[in-house]
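Listed below are the residues making up each chain.
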Amino acid sequence: MSEIFFFLLLGLGMGSLYAMLGAGLVVVYKGSGVINFAHGALAMYGMFTFDTAWNRGEFYFPWRDFLPSHDVNIPVRITLASDGSWPMVPSIILALVVAAVLGLAVHFLVFKPLRNAAPLGKVVASLGVALYLSSVALLNFGNAFPIPKSIVPSDPIHNFLGLGRTYPSNTLWAIGFAVVMGLGVWCLYRFTTFGLATRAAAGNEKGAVLLGYSPQFLAAVNWVIASVLATAMAIVVGPLQGPITPMGLTALIVPALAAALIGGLRSIPIAVAGGFALGAVRTLLDIKKQDWFDGPLLWLQDGISQSVPLLVIVAVLFLRGHSLPIRGSVEEKRLPLSPQPTRMLQHAAVWIVMVALLANFWQNAGLRTVFAGALQTTLVFSIIMLSMVVLTGYIGQISLAQMSLCGMAAFMMSRMMADGLPRGSNLVPVGGPNFPWPLAALVGVIVAVLVGLLLGLPALRIRGVQLAVVTIAAAIAIQSIYLENDELTKLRAGVPAFIKTPTLVGIDIGARSGRFQNERPAFAIFLVVVLALVAYAVSNIRRTGTGRRFLAVRANERAAAAAGINVARTKLLAFGISAAIAGIGGVMLAFKQVEVSSANFPYLASLAVLAFAYLAGITSVNGGIVGGFLVAGALIPVGGNYLLSDANLEAYAVLFGGLGLVVTAIIHPSGIAPFFAGAWRVMGNWVCRMTPGAVTLRDGYGGQRRRELSVVLLAMWVGAALFVYNATFIEPMHWRIPLTMLLLWIATVIAATSGRYGPFSPNFAGARDEWASWFRRYGAWAGVGYVLGWLIWPLRVDTYSKLYMPLLGAGLALFAQMLYMQTRSGEPHDEALTDAEAHADELEFEEVD
Amino acid sequence: MALLEAHGVTVSYGGLHANDQVDLECEKGTLVGLIGPNGAGKTTFIDGITGFTPIAAGRVTFDGQDLEGLTPDRRAHLGMSRTFQSLELFEDLTVRDNLFAAAERPKWHSFLRDIIQPGANERQYVTQVEWAMELLDLADHADALPADISHGQRKLVGVARTLAARPRLVLLDEPAAGLDTAESQHLGQQMRGLLDEDISVFLIDHDMGLVLSVCDYIYVLDFGRIIASGTPTEVRNDPIVIQAYLGEEAGEAQARDAEAVRGLTRDGGSSDG
Ligand SMILES: Nc1ncnc2c1ncn2[C@@H]1O[C@H](COP(=O)(O)OP(=O)(O)OP(=O)(O)O)[C@@H](O)[C@H]1O
Ligand SMILES: [Mg+2]
């Protein structure tokens, strides 16, 4: 008994960190109505700042210079002490100042502009901040994770309280700090007008105004308090936590959320007490799990202590979910509209052909072989993103556990395929029923659906942000209870699960070639077919009654119930469908990886999935697919890397993702997918106008003649393409050139037939006027972009870069202009991109029959 | 037995009895009105019988079935559908889809058919949705979003949405608020027309002209209690009502207006039928 008591006391050390982070969450929530998922990340950045200053004598700004060019560099690192160590006290002060500045920055740059956004917008913005900070930390501080030194005396106290054991004295210090700071903050809110005003603002912003405070000022001060508290506590407790990693500290958000919820997001003392209790219980379980979870409970041994926050969160939300305060803000914006998908079969056909061609083109293509792997990654993540489209885009529920569902499916499939023979890097045989892959995959997907439904259960009582809290805790619990649990997976610690190569009627459709490259076209085709089917299903959901009920529930649960819609069942259905899609994605990811381990499905990846899906436009199928292009390892980052090979852009995917997420959440909540659609249409216009006679042909003829037009365009484009891609570029020339031509032909036809076209231009004068008006409208932007591209071209030591960097710059500038126009027009879901588009509307191009 | 019967319905918010021992019946094929000053508890009554707020005491039956313990969506399935005072349209869906969302009665496996054979499930609901849109003259706006049409039309979408499911009883919470006199008269005619379609109507409204002219039977609620009930003529002449609600002179004037309107509407109604 006294032993248990002692371990509980020992756990108060970690508990003090949870307590302060929990209190900080409460403070921020009171101050600005935001549940700050980036709280752990803020503490983490401050902690790293302190540690690098004190132990390495360096300071890093919270950003990166991702284009290390030759002339101008953005300052990133400052050397504070050349002998590699700065004194402790200034280091602490520096860290606290950084924390305060970060708090202010987060408030003013992110949450102030978002104060009237939909709850989802705020959640994703804070996730964006968390992703940004943790990836900047990884890039700046490197991944040799230090074990921090203690700033308070840490000599052991022998025979502590007569319990006969040794107690580390820094734990006592940590507890003391937490209690004192907790009391201080509590008094601040209890006894000062500032505190009164904050409490008033938490209920209703007008209350604060009456007390003479601006709500934004209050919010800013509260952000600073929370951020500084978190950093201070992380510095004191740091040594108790082991090596500091960006991931580990960012993940502290989960126990912190549990503590804050215990306090009802309202009471600082209760949150502090809850944090202490949580730390105590977790430490106790960590120490005693070997004894307590044995025999029939052995399977729980590994995950139990990590799951405590989940249990606490679920319990609190179930018991008092309805009584948690909801801030009365002036006006809430809604999630963006969910557009109706159209012409899906054509799109699917085009996609399949494109992917098939590209996959063949990139197979064994020297440096460009990376694109083959990137293509596979893209397609897999597009599938996974579509699961977010159903769940968040259609029915407005947030899940931060999608990758965990993928992991469940992947691991389960691996197990169902296992046959008791050692395979891959797993030399210890894993027993299993040796199912063929379709059956094993089906089992995996079904398990994912069951877990998904379980995740959906809390959604019946709680919504929005609270659901995000539950699912992030669930993601960590799934990871530790299942994915990392040797007892359940039967894998020795750290050994990945082996996936057998899939075959279809005897044909190998596996991902890896004989030289262990992810380059086999057969797999890409397999993927794109699966993606097309999933996208078709998701589109059909949107177009039919199921989707109407999802959107009805998203729009208004009361009205949905009045209309006879069973809200609970509808939500569960969405969770089930979404989990099935995630499961399919997980299975495909497993096939791609050949061996999967829990490291493939970290909880941060779930955040990134939500981030990129939101970034790309979470309410539409297009958005989901585009989202797949953005993740680390997918085509856009890999392509960027290829273009700017010095810059290592791929490492920045998550950083850009986080940043992009924040920016998108603020200025353009329907995501960037509409731009792609817009750019597609604009491209159609350009293709047509750039091609002599094309406009005449197009407007003068239909049917067969229009197909002839396509041939003309083909000739033009292939000619231009061959000029750019001179023959040395393609190694086995004899059959790759026709392929390139075919590819361009298809691109041209799509562009020419899916765009909306501008006014009729039968003669040269008309064409000239069109070009002139194009230049008036876009010329300046394109020119600036072109020059900028030209200026940075030496980054890529390659003859072609002289040509394509300026073009890329011009393209990006036009893209930025579109973004700007759209923001300025103030209508986020407005489809009309530019006034050119508006003109184009009049001349709708009928489809080719 | 009446289609809807409420006996001793009591709803309390905190200490306040928003509804106190309300007895009310709505016969099949009739248009029943509920009037009362602001805050009398009219909306609360609809909330209570449609399952949106718990009933502290009392019993509600619909077509003989006790509604106790049924969720709002179950009650809607029984054939009772309501509008909201504050509209609460599905803002993300077009007008037509708003109606479809309310019309469809999915089974647990409908989603599979939706995925594999889009459009198959809704075929059987097309006529009733079209009918509801025609009835309320919304066909021109079928593909518009609720945000893009006028307030009056939004009101009509709310009504059409309840009708799209072809319920047996519609409960309308102030459908005429914000409509001008001509529009609300027209709405009154449309409501009478519903009776021929085998849809009974329960109407709450502040527009006395409308209520007195179209209803077959009227209940008057004040401070959560039914203070009077009867045919429009009885209610109009009831001294308690005049005192508690209409106020002497206002009552007289309203009554005269109503008489005139009633004549008009009845004529319109008969020429329709
Ligand atoms: N959810 C609620 N919680 C607490 N009190 C409520 C709630 N809803 C209504 N009330 C109170 O119950 C009483 C009756 O309200 P109700 O909305 O039913 O009136 P009403 O007759 O519909 O009025 P109006 O003509 O303005 O629509 C009012 O005093 C109101 O303040
Ligand atoms: Mg009302």
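Here the structure is shown first, and the text comes after it.
Bear in mind the structure is a predicted one, so any value in this text is a computation, not a measurement.

**Describing the site of ligand 1**
All names here are of chain B.
Part 1: The environment of ligand 1 is made up of 14 residues, and the closest members are Gly 39, Lys 42, Thr 43, Thr 44 and Gln 85.
Part 2: Interatomic distance of 2.8 Å between a side-chain N/O atom of Lys 42 and an oxygen atom of ligand 1.
Part 3: For ligand 1, whose free accessible area comes to 630 Å², the fraction covered by protein is 60%.
Part 4: It is helix H1 (residues 42-50) that contributes the most residues to the shell around ligand 1, three residues altogether.

**Structural notes on the sheet that holds strand S3 (residues 31-35) of chain B**
Residues and elements named next belong to chain B.
Part 1: Taken in spatial order, the six strands make up an open sheet running S6-S7-S8-S3-S9-S10, and their pairing is mixed. Each edge of the open sheet is held by one strand with a lone partner, namely strand S6 (80-82) and strand S10 (225-230). Between one strand axis and the next, the sheet turns by 15 degrees as a mean value, whatever way the strands run.
Part 2: One ladder, built from five bridges, connects strand S7 (residues 169-173) with strand S8 (residues 200-204); its direction is parallel. Across the sheet, the residue bridging to Leu 172 is Leu 203, located in S8.
Part 3: Most of the contacts of helix H6 (residues 151-164) go to S7, to which it runs at about 165 degrees, and overall it touches S6 and S7.

**So, the packing of helix H14 (residues 369-394) of chain A against helix H23 (residues 603-616) of chain A**
Helix-helix packing is described using two parameters, namely the angle between the two axes and the distance between the axes.
Residue and element names in this part refer to chain A.
Part 1: Contact geometry for H14 and H23: axes closest at 9 Å, N-to-C directions at 75 degrees. Relative to H23, H14 is oriented roughly perpendicular. On the side of H14, the interface is formed by Phe 381, Ile 384, Met 385, Met 388 and Thr 392, while H23 contributes Val 609, Leu 610, Phe 612 and Ala 613.

**Let's talk about the coordination of the magnesium ion (ligand 2)**
All names here are of chain B.
Part 1: Coordination of the magnesium ion (ligand 2) by the protein comes from Thr 43 (OG1) and Gln 85 (OE1), over a distance range of 1.8 to 2.1 Å. Of this pair, Thr 43 sits in helix H1 while Gln 85 sits in the loop between S6 and helix H3 (95-103), and the two are 42 residues apart along the sequence.
Part 2: Judged by its relative accessible area of 24%, Thr 43 falls in the partly exposed class.
Part 3: Overall, Gln 85 belongs to the partly exposed group, its relative accessible area being 38%.

**Some words on the side chain of Ser606(A)**
All names here are of chain A.
Part 1: Within the fold, Ser 606 resides in helix H23.
Part 2: By relative accessible area, Ser 606 is classed as buried at 0%.
Part 3: Within the structure, the side chain of Ser 606 is placed 3.1 Å from the backbone nitrogen of Met 403, a separation counted as a polar contact.
Part 4: Leave out the neighbours within four places in its chain, and Ser 606 touches Leu 400, Ala 401, Gln 402, Met 403 and Ser 404.

**Regarding the interface of chain B and chain A**
Part 1: Residue-level contacts link 29 residues of chain B with 30 residues of chain A.
Part 2: Taken together, the two surfaces of chain B and chain A that pack against each other cover about 2,600 Å², and 57% of this comes from carbon and sulfur.
Part 3: When the buried area of chain B at its contact with chain A is split by residue, Phe90(B), Asp92(B) and Ile115(B) rank highest and sum to 24% of it.
Part 4: Inspection of the region where chain B meets chain A yields six salt bridges.
Part 5: In this structure, the connection of chain B to chain A is made through 10 residue pairs in polar contact (both at pLDDT 80 or more).
Part 6: When residues of the side of chain B that touches chain A are traced back to their parent elements, those giving at least two are helix H2 (72-78), H3 and helix H4 (110-116) of chain B.
Part 7: Residues that form the side of chain B that touches chain A fall into these classes: 15 nonpolar, three polar and 11 charged.

Conventions and cut-offs
Residues numbered from 1 in each chain as written. Chains lettered and ligands numbered in written order. Predicted model: local features only at pLDDT ≥ 70, side-chain atom pairs only at ≥ 80, totals over all residues. Heavy atoms only, no water. Near = heavy atom within 4 Å. Polar contact = N/O pair within 3.5 Å; in protein donor to acceptor, adjacent residues only side chain to side chain. Areas by Shrake-Rupley, 256 points an atom, 1.4 Å probe, with all protein chains shown as cover. Helix = DSSP H or I, 4+ residues; strand = E, 2+ residues; numbered from the N terminus. Pairing = 2+ DSSP bridges. Axes fitted to C-alpha atoms, helices over the stretch in contact; angles between N-to-C directions. Contact = heavy atoms within 4.5 Å. Parallel < 35°, antiparallel > 145°, perpendicular 65-115°, else oblique. Donors = N, O, S within 2.8 Å, 3.2 Å for Na, K, Ca; no water. Buried < 20%, exposed > 50% of the residue type's maximum accessible area, 1.4 Å probe, protein only. Buried area = accessible area lost by both parts, 1.4 Å probe. Salt bridge = Lys/Arg side-chain N within 4 Å of Asp/Glu carboxyl O. Nonpolar A, V, L, I, M, F, W, Y, C, P; charged D, E, K, R; others polar.

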